[in-house]
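So the chains spell out like this:
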Amino acid sequence: MKGKKIAVVGGGKMGEVIAAGILKAGLAQPGSVTVTDIVPDRLSYLKAKYAVATSGDNRKAARDADIVVLAVKPQGMGDVLKDLAPVIDRRKLVISIAAGIPIRFIAEHLKKGVPVVRVMPNTPALVGEGAAALAAGEAASGADLAAAREIFDALGLTVVVKEELMDAVTGLSGSGPAYGFIIIDALSDGGVLMGLPRDVATKLAAQTLLGAARLYLDSLKHPGELRDMVTSPGGTTIAGIQALEKHGLRSSLIHAVEAATLRSKELGKGK
Ligand SMILES: NC(=O)c1ccc[n+]([C@@H]2O[C@H](COP(=O)([O-])OP(=O)(O)OC[C@H]3O[C@@H](n4cnc5c(N)ncnc54)[C@H](OP(=O)(O)O)[C@@H]3O)[C@@H](O)[C@H]2O)c1
């Protein structure tokens, strides 16, 4: 990454998070990062907040960059790629975060041999707790994948998967923050039912999930083993677990990931 110039095409929610992550991790100086957008106010905001270079001209920004991050909406990708194609050659790395857009679609719009890495990030990247899966296209080298990974490591956890698993990633970690919010809200409801004030209940619920996740990630012990550590014979936790099993929490979550994965496959048909 050292000395590389980066263009982030599309300065929306994710484009901002990516540019901010690059700067925070010291992967590039603000002057080496250009963010583009079609909304001038957005560019003014990004320039003022991060001191990055900004531009309304995608092609110029991409021409001057070593790494081009595509962060526009999936429906705009075709037009953006057509515009960028003449200035992107195999010496540049293209990283796309557009949901449901296959590497093949991107490669078909660009010159032969341009390395492409596809990434599925999620919104907790906003607070440095993202989970992103990366898949490398045929023309991408190990160094290309490592460069892309460095960017998303700055925003949370990264994993590398085969591209065919991106729909499953979408169903789990892409849509997953919403499942997490529902679980927090429901736990909070339980606390309120049992007499806790709402704000106290919601904070306790959220921190408990965060703590459970941190315990798993720091130890990498099987979640069942960690659960057993807090489940004493005849105690309170096993009574709670019995209720969860009776009402099908596990099965609901498994079905949620399945349904979201299938929907992602359906939306990607014909791309
Ligand atoms: N948000 C998520 O949780 C998430 C998670 C995973 C992947 N993604 C992917 O990330 C990408 C960006 O999502 P987002 O949530 O950041 O969307 P967003 O906030 O709408 O950002 C896209 C930005 O690009 C601008 N734009 C549109 N056409 C452009 C063009 N031709 N050239 C330059 N900029 C252009 C948009 O301007 P206008 O608003 O005026 O159109 C907007 O500011 C999407 O492909 C999405 O699939 C998002």
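The shown structure was predicted, so the numbers you read here are calculated from the model rather than taken from an experiment. (Residues numbered from 1 in each chain as written. Predicted model: local features only at pLDDT ≥ 70, side-chain atom pairs only at ≥ 80, totals over all residues.)

Points about the overall build of the protein chain
So, point 1. A tally of helices and strands in the protein chain yields twelve helices and eight strands.
So, point 2. Along the first, second and third principal axes, the C-alpha atoms of the protein chain reach 70 × 40 × 30 Å.
So, point 3. Counting only residues that meet the buried cut, the protein chain has 35% of its 271 residues in that class.
So, point 4. For the protein chain, the share of sequence-separated contacts (at least 6 apart) that also reach a separation of at least 24 residues comes to 64%. (Helix = DSSP H or I, 4+ residues; strand = E, 2+ residues; numbered from the N terminus. Buried ≥ 20, exposed ≤ 12 C-beta atoms within 10 Å, placed from the backbone. Contact = placed C-beta atoms within 7 Å.)

Let's talk about helix α8 (residues 176–193)
So, point 1. Compared with an ideal rise of 1.5 Å per residue, which puts 18 residues at 26 Å, α8 spans 26 Å between its outermost C-alpha atoms and is within 8% of the ideal.
So, point 2. Among the residues of α8, those classed as buried are Gly176, Ile184 and Ser188. Take α8 and look down its axis: the buried residues cluster within an arc of 120°, on one side only. For α8, exposure combined with an orientation more than 90 degrees from the buried face picks out Ile182, Ala186 and Leu193.
So, point 3. For α8, the elements touching its buried residues are α7 (166–174) and α9 (198–219). (Expected span 1.5 Å × (residues − 1). Arc of directions from axis to C-beta.)

Some words on the packing of α8 against α9
So, point 1. Where α8 contacts α9, the two axes come as close as 8 Å, and the packing angle between them is 135°. With respect to their mutual orientation, α8 and α9 come out oblique. Crossing geometry of α8 relative to α9 is assigned as right-handed. Of the residues in α9, those in contact with Gly180, Ile183, Ile184, Leu187, Ser188, Gly191 and Val192 of α8 are Arg198, Ala201, Thr202, Leu204, Ala205, Ala206 and Leu209.
So, point 2. Tallied by class, the residues present in the contact of α8 with α9 amount to nine nonpolar, four polar and one charged. (Axes fitted to C-alpha atoms, helices over the stretch in contact; angles between N-to-C directions. Parallel < 35°, antiparallel > 145°, perpendicular 65-115°, else oblique. Left-handed = near helix turned anticlockwise from the far one by under 90°. Nonpolar A, V, L, I, M, F, W, Y, C, P; charged D, E, K, R; others polar.)

A short note on the domain arrangement of the protein chain
So, point 1. Domain annotation for the protein chain reports domain 1 (6–166) and domain 2 (174–268).
So, point 2. Taken together, the residues of the side of domain 1 that touches domain 2 sort by class into three nonpolar, three polar and no charged. (Domains from an automatic or database assignment.)

Concerning the site of the ligand
So, point 1. Every one of the 27 residues lining the ligand counts as a neighbour, but Gly10, Gly12, Met14, Ala98 and Ala99 are closest to it.
So, point 2. In terms of residues, the shell around the ligand owes the most to one element, helix α1 (residues 13–24), which gives three residues.
So, point 3. Here the shell around the ligand is composed, by residue class, of 13 nonpolar, ten polar and four charged. (Near = placed C-beta within 6 Å.)

Some thoughts on the nonpolar core
So, point 1. If you look at the biggest cluster of nonpolar residues, it comprises 62 residues, and the most contacted ones within it are Val8, Val9, Val68, Val69, Leu70 and Val94.
So, point 2. With sequence-adjacent residues up to four places away left out, Val69 is seen in contact with Ile6, Ala7, Val8, Val9, Ile18 and Ile95. (Core = buried A, V, L, I, M, F, W, Y, C linked by C-beta atoms within 7 Å.)

Let's talk about α1
So, point 1. Between the first and last C-alpha of α1 there are 16 Å, a value that for twelve residues agrees with the 16 Å anticipated at 1.5 Å per step.
So, point 2. Of the residues making up α1, those classed as buried are Met14, Gly15, Glu16, Val17, Ile18, Ala19, Ala20, Gly21 and Ile22.
So, point 3. Looking at the buried positions of α1, the neighbouring elements they touch are β1 (6–9), β2 (33–36), α2 (40–50), β4 (67–70) and α6 (142–153).
So, point 4. Following α1 by one or two positions, Gly26 adopts a phi angle in the positive range, close to 70°.

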